[in-house]
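What the coordinates show
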Amino acid sequence: MRDFVAALRGLTIRGRSFLAAGAACAVSAIVLGEQDLLRIGLLIASLPVLAAAVVCRTRYRLSCTRRLEPRRVTAGDRVSVRIQLENVSRSSSSVLLVEDTTGSGLGGGARFVLDRIEPGGSRDLSYALRASVRGRYQIGPMAIRLSDPFGLCELSRSFRSLDELIVAPAIEQLAPARSGVAASVSNELRRATGLVGEDETTTRPYRSGDDLRRVHWKTTARSGELMVRREEHPQSGAAAILLDTRERAWPDSGPASAFEWAVSAVGGIGIHLVRGGYRVRLLTDRGPVTTTAGATASGLLDELATLVPADAESLQPALTALRRPGGDRGGLLVAVLGHTETALATTLAGLRARRAPAIAVLVDVTSWNPHPSAAADLISARAVLTRAGWAVLVARQGMSLASVWPRVTAVASQSGYAGTRRGVGGADGGGVGGPAGAARAAGQPGVPRRAAR
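Residues numbered from 1 in each chain as written. Predicted model: local features only at pLDDT ≥ 70, side-chain atom pairs only at ≥ 80, totals over all residues. Heavy atoms only, no water.

What the chain contains, in helices and strands, is twelve helices and 21 strands. Of the contacts formed within the chain by residues at least 6 apart in sequence, a portion of 71% connects residues at least 24 apart. When the accessible surface of the chain is split by element, carbon and sulfur atoms take 53% of a total near 23,100 Å². (Helix = DSSP H or I, 4+ residues; strand = E, 2+ residues; numbered from the N terminus. Contact = heavy atoms within 4.5 Å. Areas by Shrake-Rupley, 256 points an atom, 1.4 Å probe, with all protein chains shown as cover.)

Next comes the structure, spelled out in structure tokens:
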């Protein structure tokens, strides 16, 4: 009975018109006393009712398989959606209207009209989506509209299968280190960066030719036999990326806002560091949110896909995590900041460990949306961080991060050896400042001293 009531609610405009015409004929026949007109009215009115009864009793058994290629993309990429619809019942289907729904940021989905599907037969469908805005999107459920041959009634039925598409922010590929100066800068930066890792304590008996430096003396004393370590976990550079996600730091919002540029910059920097062998930890107003290491940065990209400005007053959880001893302490520190007050800049300046490289990307929000106090705070924050030995990059709308990143890393690697020497920000195009800039301004060669190992 429920299916029949639902089918009546699914009457099309044509079906409702037939029903109204039949009712009008019946009323006119009663008023005029014409029995033939009454029969015609009942016949016309019964047609949509019979169509609803036929549609509600339709029992097609259809299976749907959906495949996304690929399942994780960056904003601006295209996604191929492939669907296989199979009729597993013993009767042929009628004409089907198939609709696959998607999120608003993907274009709204696709519709297909399919002819009869024979028993055991299948149809392959495909369409393309353009992921324009980052986020997590739900693909599905797929809906099938059943109708009678006269188009008087339509009934919609949905599959339960859902697929998730992750759209990461648009990533700007930062050039890897090459031979010559770039490789030298990369090596200096890695030597200035703290290493993290744990020795493998699994041991084996000593064999002739083993290096005596690998002898595990505690196990040797306990067992009475010379034991050596089997192997060691490779050590990797530690890096922490702090993204200011406070809503007050980003006066505008939207796909072309300064915050979106900052999220993309964090993604590009994070992938660049992961590919360089770093263990990267991302911090926001909630504190540490994800740690990425190894050959893939999927965890970082998944977190950035849904990151939005939060109604938080401070970055205290992230600052507390950076102050905590161990972990990333002494490693590379990268801060991507929006409207930064002088008090926050002063606190961040003190978080740079001695001889550790630190990079601040100050996003000039006034180049996206004019803000009265942001310009003055930008100058103050840049001066505070530069004096503390940070390599400071002022990012403006339309700037390419890949074009200035080699200079930023060069200044950061030199700051790791320069200690706390005072530096001034250079205003040469990219807005990069640091201790090396101070050395050049003073007419000094600016060659870093070799750090004690």
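Two elements in contact, helix α9 (residues 342–349) and helix α10 (residues 374–387), have axes whose closest approach is 9 Å; the angle formed by their N-to-C orientations is 15°. On the basis of the axis angle, α9 is roughly parallel to α10. Here the hand of the crossing between α9 and α10 comes out right-handed. Contact residues: Thr342, Ala345, Thr346, Leu348 and Ala349 in α9; Asp377, Ser380, Ala381, Val384 and Leu385 in α10. Taken together, the residues that form the contact of α9 with α10 break down as six nonpolar, three polar and one charged. (Axes fitted to C-alpha atoms, helices over the stretch in contact; angles between N-to-C directions. Parallel < 35°, antiparallel > 145°, perpendicular 65-115°, else oblique. Left-handed = near helix turned anticlockwise from the far one by under 90°. Nonpolar A, V, L, I, M, F, W, Y, C, P; charged D, E, K, R; others polar.)

Pairing is possible between side chains of opposite charge, provided their charged atoms come close. Applying the stated criterion to the full structure yields 19 salt bridges. Here Glu260 ties to Arg134 by a salt bridge, and the two come within 2.7 Å at their closest N and O atoms. A residue pair is termed long-range when its members are at least 10 positions apart, and Glu260 in helix α6 (residues 258–275) and Arg134 in the loop between β6 (122–130) and β7 (135–139) qualify at 126 residues. Like Arg134, Glu260 is buried. Beyond isolated ion pairs, a larger network of salt bridges with shared partners links Asp244, Arg246, Arg248, Glu313 and Glu341. (Salt bridge = Lys/Arg side-chain N within 4 Å of Asp/Glu carboxyl O. Buried < 20%, exposed > 50% of the residue type's maximum accessible area, 1.4 Å probe, protein only.)

Before going further, it helps to spend a moment on helix α8 (residues 316–323). Working note: α-helix, 3.6 residues per turn, so residues spaced by three or four point in the same direction. Along α8, the residues that are buried comprise Ala318, Leu319, Ala321 and Leu322. Around the axis of α8, the buried residues are gathered within 160° of arc, so they sit on the same side. (Arc of directions from axis to C-beta.)

On to the packing of α6 against helix α7 (residues 298–305). At a minimum axis separation of 10 Å, α6 and α7 run at an interaxial angle of 175°. Considering the angle they form, α6 stands roughly antiparallel to α7. Each of Val263, Val266, Gly267, Gly270 and Ile271 in α6 lies in contact with α7, whose residues at this interface are Leu300, Leu301 and Leu304.

Moving on, we come to the side chain of Thr340. Turning to its location among the elements, Thr340 is positioned in the loop between β17 (332–337) and α9. When neighbours within four sequence positions are excluded, Thr340 is seen to be in contact with Ala345, Leu362, Asp377 and Ala381.

Right, let's talk about the sheet that holds strand β2 (residues 72–74) for a bit. Across the sheet, which stays open at both edges, the three strands sit in the order β2-β10-β7 with mixed pairing between neighbours. This sheet does not close on itself; its edge strands, each paired only once, are β2 and β7. Strand-to-strand twist of the sheet, defined as the mean angle between neighbouring strand axes without regard to direction, takes the value 30°. Its contacts with the sheet place α7 against β2, β7 and β10 (163–168), and it is angled at close to 90° to β10. (Pairing = 2+ DSSP bridges.)

All right, on to the pairing of strand β15 (residues 278–284) then. On a regular strand, each side chain points to the face opposite its neighbour's, so the side chains alternate between the two faces of the sheet. Burial runs high along β15: six of the seven residues are buried. Pairing between β15 and strand β16 (residues 287–292): five bridges, direction antiparallel. Paired with Leu282 across the strands is Thr290, a residue of β16.

It is worth spelling out the confidence of the model for the chain at this point. Looking at the chain, the pLDDT average stands at 80 and 82% of residues meet or exceed 70. Residue range residues 194–200 is modelled with pLDDT below 50. Its contacts to residues more than four positions away, or to other chains, number 21 contacts. Scored below 50 in pLDDT, residues 417–429 shows 37 contacts in the model against residues more than four places distant or in partner chains. (pLDDT = per-residue confidence, 0-100.)

This next bit is on the environment of Arg281. With respect to the helices and strands, Arg281 occurs in strand β15. Looking at Arg281, the relative accessible area reads 13%, which means it is buried. For the pair Arg281 and Ile241, spaced 40 residues apart in sequence, the C-alpha to C-alpha distance is 6.1 Å.

This part is about unusual backbone geometry. Each neighbour pair has its own omega, and for Glu69 with Pro70 the value is -10°, a cis peptide bond. The topology assignment puts Pro70 in the loop between β1 (62–69) and β2. That bond from Gly140 to Pro141 is cis: its omega, 0°, falls within 30 degrees of zero. Relative to the helices and strands, Pro141 is located in the loop between β7 and β8 (142–147).

Here we come to the environment of Asp364. The topology assignment puts Asp364 in the loop between β18 (358–363) and α10. Residue Asp364 is classed as buried on the basis of its relative accessible area, which comes to 9%. Distance in space between the C-alpha atoms of Asp364 and Arg396 is 5.3 Å, their sequence separation being 32 residues. Residues within four places of Asp364 in sequence aside, it is in contact with Leu378, Val394, Ala395 and Arg396.

This brings us to a nonpolar patch on the surface. Taken together, the side chains of Phe18, Leu43 and Leu47 present a nonpolar region at the surface, about 250 Å² in accessible area. Mapped onto the secondary structure, Leu47 falls in helix α3 (residues 35–56). (Patch = residues over 30% accessible without salt bridge, like charges linked within 9 Å, V, L, I, M, F, W, Y side chains within 5 Å.)

Before going further, it helps to spend a moment on the packing of aromatic side chains. Across all of its chains, the model carries three aromatic pairs by this definition. With a centroid separation of 5.5 Å and an interplanar angle of 70°, the aromatic rings of Trp250 and Phe259 are classed as edge-to-face. (Phe/Tyr/Trp six-rings, centres within 6.5 Å; stacked < 30°, edge-to-face > 60°.)

The next thing to look at is the side chain of Asp285. Along the chain, the position of Asp285 falls in the loop between β15 and β16. Buried within the structure, Asp285 lacks any salt-bridge partner; its nearest side chain of opposite charge belongs to Arg286, at an N-O separation of 4.9 Å. A distance of 2.4 Å separates the side chain of Asp285 from the side chain of Thr245, its partner in a polar contact. In this structure, Asp285 is in contact with Thr245, Ala310, Ala312, Ser314, Leu315 and Pro317, ignoring residues within four places of it in sequence. (Lys, Arg positive; Asp, Glu negative; His and termini not counted. Polar contact = N/O pair within 3.5 Å; in protein donor to acceptor, adjacent residues only side chain to side chain.)

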